[in-house]
Amino acid sequence: MKHYDHAKIEKKWQRQWEKDGTYKTSDRSKKPTQYVLDMFPYPSGVGLHVGHPKGYIATDIYSRFKRMNGYNVLHPIGWDAFGLPAENYAIKSKTQPKKTVKENVRHYKKQLGMIGLDYDWSREINTTDPAYYKWTQWIFLQMFKKGLAYQSYEPINWCPSCKTGLANEDLEDGKCERCGSDVEQKPMRQWVLKITDYADRLLSDLTDLDWPEAVKESQRNWIGRSEGAEFSFPITQKNHYVLLHGFSSTPKKDFWPWLTRELQQRGHTVEIPTLPKTKNPDIEKQVQHVLATCHLTENTILVGHSLGGVVAQRVTERLKAPIKKLVLVASFTRPEFKDHDRPFADSIDWDWDFDRIRDHARRIVILRDENDPIVPSREADLLSSATGGELRSVVARGGHFGAPREPEILTAALEEMRVFTTRPETIYGATYAVLAPEHALLNELRPNITNWPAVEKYREKASKKTTLERTSEQKEKTGVQLEGVTAKNPANGEDIPIYSADYVMTNYGTGAIMAVPAHDERDWEFARAFGLPIRQVIRPVRIDTTNPPKEGTTESPRNVVHCIVKHPSENKVLTLTWKGHDWHTLIIGGVEEGESAEEAARREILEETGYKNLTFEGQLGDEVKAHFYAAHKKVNRTSFTKALVFRLDDLERDPISEEEEAKHTPEWTMLEGLKDTIHPCAELDIWVHRLQTGNYAYTGTGEVVNSGGWNGMSSEHVTDLITQTVGGVSRVTYRLNDWVFSRQRYWGEPIPLIHCRTCGVVPVPERDLPVELPDVKSYEPTGTGESPLAAIKSWVNTPCPSCGEPATRETNTMPQWAGSSWYYLRYLDPANSRKLVSPNKERHWMPVDLYVGGMEHAARHLIYARFWHKFLYDIDVVSTTEPFARLKNPGMIAGSDGRKMSKRWGNVINPDDVIHEHGADAFRTYEMFMGPFEQGGVWSTDNLIGVKRFLERVWRLQDKLADTAPAVPGTESLLHRTIKKVSEDITTFDFNTAISALMMLSNALEKEEAINPDTYATLVVLLSPFAPHLSEEIWRSILKNKRSVHLQSWPTYNETKLLDDTVTIAVQVNGKIRDEFAIERSASESDVLAAARKREKVRHWVGESAVVREIYVPEKLVSIVTAS
RNA sequence: GCCCGGGUGAUGAAAUUGGUAAACAUGCAGCACUCAAAAUGCUGUGGCCUCUGGCCUUGCCGGUUCAAGUCCGGCCCCGGGCACCA
């Protein structure tokens, strides 16, 4: 026997496999397909550590197994190479990222090659290859064309250290996930993908996926769907409206009469001038007319439609002091129209001072009809960097807003707080309202806010707070009232104060809430801190389960007090132990006619316990309704219970009456134990919760009170009714925000769009893709919100594809997640220059049957990829709604010190060293033997050596080979059991037990005198997915086979040979194992029972007792039960 | 706080529908081979006791059952996701 020289063997076969194309996948095979996929690596400069290959080894084993089982297997690999690390390295070392990536890829390839993985390298892809990112850009363009990519001017997360905007998904505890810097909110122009359009599908389609529950759960959390309603709370202050009609219109036409009436009905004043020369307008004259005749003060809201919008823009530009709001309905800033020319186009001076317009309107709202004939182009100029500037694409009733009623215009013109709530049924309890500090309405309301300096100060303070400060620590409520303005609760017409407070988030719901302190813990805290009214609108209802009400019995309502009497010094509460009942209660009493609850409580405490010197500390939240049967009075009680808290000043007592003495004795009970000792008490859970948390908000369901006509109904049943009656709209809100898709950095896919002064944003024609990333001199981010690309004038300046005039390229790049959101499709057809993937190939392979990769991608990569895939499904590029049918997450391998492997701890183990020392086969097999695949583990070289011993044992078995050796009956059933076990375990990813089964087989073979070559061959084939090199060497060099072991058929087992002829039967007597014996498998039940009864030990344990029952579990166990 | 996982020897772990808890491996102890060591092989290895045998043992307490790591109820601890999300 030769020595087992792993280094030589492994190198030899790796070369041979490459030469033979052993793992090349054909698209033409008729075999059933299996697409086995790894999350492709980011080739970093430091290379792999032993934790990284765990998943690759698993897919390697799985794909080899499937291939040997007759599948046409696709197991490809590629590189996810865009992103910040390469760019930051480029900045530091002044090397082109292109070059670094190339070097890193070479290193990674070498490392992966050493492990002996069965990748089809002919399909290798790289996200930074222009031939690849051409299609990343193509997908983006399709999204743009479908309206799924839009520009946003909302403040976004800005990392001051990475100098780029980030998506919410890139944050960890409010810090930049990459560098740990505090993230700021910075308003800037961003490209955003409308992932929220897909939120519902992303959520519901999770159900059928064979994915780890934890990943699905994390996606559900991330999407964060909540159902509720949106209400509008009108601002009660009155405004002055100036309405400007458009070309050839008059105040009597279109929606103007209706709009005027609606505004006046709400108490606002309206001016609606007839503009001069409506048929043949002279803009300058119209502007002069408006400036001369209309009231344009800080309380004015100026609304202009179409050409009237142009007038309004010019008027605003000329103002001396800002007006409150400028509402532009289908207005123009450029003379380009989609439908037809307009006669006034030439008479207008199209040169605008956008900065002045922005300065002279506290808020700008632009309405664009979704089917507008106007080229949507220049709104950006009006909105960029405007605080609270807003572009709304809405559905107009008539084309170009020509209908007699246009509700969207009214909504834009009015000042109202739109709030989102998940508890619409509590709206009667909304006693104040809150705007997020960043809310645009604040700026608009500024003229009405009398304490503006204080509000502004609070706003500034909030913007400086990092998300972390805002959400963690004590969560103490802060805020500021907007003095001088109020909102109207649409349910009961009450005027309620408005606050701005940072416990309301800008980017969730509408950024504004109605506060219901009685039924929301946060609102309760805020109301307590600011002395705001707390009004109960849902009364908890409890039914006493120990004395439930009896049917057909008289109802008897009663006001009740529960007294929580605290000990003067100890943490104890006064309770009563009842005589003749199994009762232990609080001091309870009815409130008599003309008596206050406190008086009643004091009277009861004195009567029942004699304690008399007590201080009233307050009522423990709102009252609770409870139903029970009062046995002594033979009535059903409905009690309205208040809990009152007292503290005893001292322990002085008066004597108590004999009557009371006979009923119960007072006792001190620890506050903590209250929950377990008090009995019966239907209200107890509520009291305990309030005592423990100090928060009296009741967030459950119950009976509606203080809510007009709804009183007495069940809160669960009125949700929709109240929503509709009050004029709310049912709405679903997601925690998931749209995906901030642009990065102000160099090393990413250029966004393939062109900005044209006349045509607006124009997509790069598909024939011009890819838009290649140009070489630059400096990769430094500018920090101004512009990518380094902006400096390359020759690249930026380009003719507009639409009109041919000079235009500029979009200089933002895509985030790293872009290229990885669809790469699995490109492996199917990596060289196709005409299509992203040919439909035939896509249908042939998709979906991915097995996807393996780290849990850290649960929320981001997997959600983005699913989103893109669903989009590609919608535009008929792919045929499945989900990309990845089955997902497995490898558990992390920690260093031998139990800590995460990192340079910092000096515990990194390099796979190259391990492979050099012990061989790739030992390395692979050990990683799979460590424990359950999805569980983390600690690296142990000792344990690896154990696995290596096993491989060496298999190697040595060749010495015992003998053609004459029979398939010994003993090993035969073991062999078949092993085939079964290994096959099943690879399928279910239980590699550790598969290996243990192989160990048992090799241990057994070692005990044989001689081994049949067929048996040995089977063992080698079973081992080949785990240890491909060793197996191949034995298969070809020792067993003299011509074709690779990896192209063999997987062994099959024979059901009839799985079992030995004899079985061991265990015997239990009265539930305890007392004996075991061997018997032929064929023995009948009565034979086995008879044999069991005869056993000496069994007879001893049964003794004289009569056997009352005998249970037989076939081939396993007999259980004998005796009388007592 | 809410929602998911998970708790078994000295260690990594195993255990179909409830049916002999600790397979396989590491470590440790002893033995064989050897001048010696390494390597290899063999034996032992949950705890306690009155030791040819018995009692206890799968985070804790209780329940169902002839039989519970597995099912039910209550609690404790660890890991992860979300979190002032209305």
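Our structure's up above, just so we're on the same page.
Residues numbered from 1 in each chain as written. Chains lettered and ligands numbered in written order. Predicted model: local features only at pLDDT ≥ 70, side-chain atom pairs only at ≥ 80, totals over all residues. Heavy atoms only, no water.

Draft legend 1. How the structure looks around the sheet that holds strand β41 (residues 850-852). The sheet built from four strands is open, its strands ordered β2-β1-β41-β42 with parallel pairing. Either end of the sheet is taken by a strand with one partner, and the two such strands are β2 (72-74) and β42 (887-888). As defined by bridge partners, strand β1 (residues 33-38) adjoins β2 across three bridges and the pair is classed as parallel. If you follow Q34 over to β2, its bridge partner there is V73. Set on the sheet, helix α2 (residues 53-68) makes contact with β1, β2 and β41; between it and β1 the angle comes to about 170°. (Pairing = 2+ DSSP bridges. Helix = DSSP H or I, 4+ residues; strand = E, 2+ residues; numbered from the N terminus. Contact = heavy atoms within 4.5 Å. Axes fitted to C-alpha atoms, helices over the stretch in contact; angles between N-to-C directions.)

Draft legend 2. Main features of the packing of helix α28 (residues 920-929) against helix α29 (residues 941-956). Where α28 meets α29, the closest approach of the two axes is 9 Å, and the angle between their N-to-C directions is 120°. Comparing their axes, α29 and α28 come out oblique. In the crossing of α28 with α29, the sense of the turn from one axis to the other is right-handed. For the pair α28 and α29, contact is made by D921, A922, F923, T925, Y926 and F929 and by N943, L944, V947, K948 and L951, respectively. Grouping the amino acids of the contact of α28 with α29 by side-chain chemistry returns seven nonpolar, two polar and two charged. (Parallel < 35°, antiparallel > 145°, perpendicular 65-115°, else oblique. Left-handed = near helix turned anticlockwise from the far one by under 90°. Nonpolar A, V, L, I, M, F, W, Y, C, P; charged D, E, K, R; others polar.)

Draft legend 3. Geometry of the packing of aromatic side chains. The tally for this structure, following the rule as stated, stands at 47 aromatic pairs. Ring plane angle 65° and centroid distance 5.8 Å describe the contact between W135 and W138, whose orientation is recorded as edge-to-face. One end of the pair, W135, and the other, W138, are both in helix α5 (residues 130-145), three residues apart, so they sit about a helical turn from each other. W138 shares its class with W135; the two are buried. Pairing Y824 with F884 gives two aromatic rings, centres 4.9 Å apart and planes at 70°, and the pair type is edge-to-face. One end of the pair, Y824, is in helix α24 (residues 823-826); the other, F884, is in the loop between α26 (861-874) and β42, and 60 residues separate them in sequence. F884 matches Y824 in its accessibility class, with the two residues each being buried. Among the aromatic residues, those joined into a ring-pair cluster are F140, F144, W191, Y198, W739, F741, W817, Y864, F867 and W868. (Phe/Tyr/Trp six-rings, centres within 6.5 Å; stacked < 30°, edge-to-face > 60°. Buried < 20%, exposed > 50% of the residue type's maximum accessible area, 1.4 Å probe, protein only.)

Draft legend 4. The arrangement of a negative patch on the surface in detail. On the surface, D349, D351, D353 and D359 cluster together into a patch of negative charge. Looking at the secondary structure, you find D349 in the loop between β16 (325-329) and α11 (354-359). A relative accessible area of 48% means that D349 is categorised as partly exposed. (Patch = residues over 30% accessible without salt bridge, like charges linked within 9 Å, V, L, I, M, F, W, Y side chains within 5 Å. Areas by Shrake-Rupley, 256 points an atom, 1.4 Å probe, with all protein chains shown as cover. Salt bridge = Lys/Arg side-chain N within 4 Å of Asp/Glu carboxyl O. Lys, Arg positive; Asp, Glu negative; His and termini not counted. Charge placed at Lys NZ, Arg CZ, Asp CG, Glu CD.)

Draft legend 5. Layout of the protein's contact with RNA strand B. What surrounds RNA strand B is a group of 60 residues, the closest being T422, R522, R735, M930 and Q935. In this structure, a base nitrogen belonging to RNA strand B sits 2.8 Å away from a main-chain N or O atom of M505. Residue contributions to the surface near RNA strand B peak at seven residues, all from helix α31 (residues 991-1006). For the surface near RNA strand B, the residue count by class is 20 nonpolar, 19 polar and 21 charged. (Near = heavy atom within 4 Å. Polar contact = N/O pair within 3.5 Å; in protein donor to acceptor, adjacent residues only side chain to side chain.)

Draft legend 6. Quick peek at the pattern of salt bridges. On inspection of all chains with the given rule, the structure shows 60 salt bridges. Taking the shortest distance from any N to any O, the salt bridge between E1006 and R953 comes out at 3.6 Å. Here the residue E1006 occupies a position in helix α31, and R953 occupies one in helix α29, the gap between them amounting to 53 residues. Between E1115 and R1081 there is a salt bridge, and its shortest N-O distance comes to 2.6 Å. Of this pair, E1115 sits in the loop between β47 (1107-1113) and β48 (1117-1122) while R1081 sits in the loop between β46 (1072-1080) and α34 (1085-1094), and the two are 34 residues apart along the sequence. One network of salt bridges, in which partners are shared, links D27, D120, R123, D829 and K841.

Draft legend 7. The arrangement of the pairing of β16 in detail. Burial runs high along β16: five of the five residues are buried. By the alternation rule, side chains of β16 split into K325, V327 and V329 and L326 and L328, which are all buried. Note that strand β15 (residues 300-305) and β16 share five bridges and pair parallel. Pairing of H305 across the sheet is with V329, part of β16. With helix α10 (residues 307-318) bridging β15 and its parallel neighbour β16, the resulting β-α-β unit is right-handed. Here four bridges tie β16 to strand β17 (residues 364-369), and the two strands are oriented parallel to one another. (Right-handed = clockwise from strand over helix to strand, strands pointing away.)

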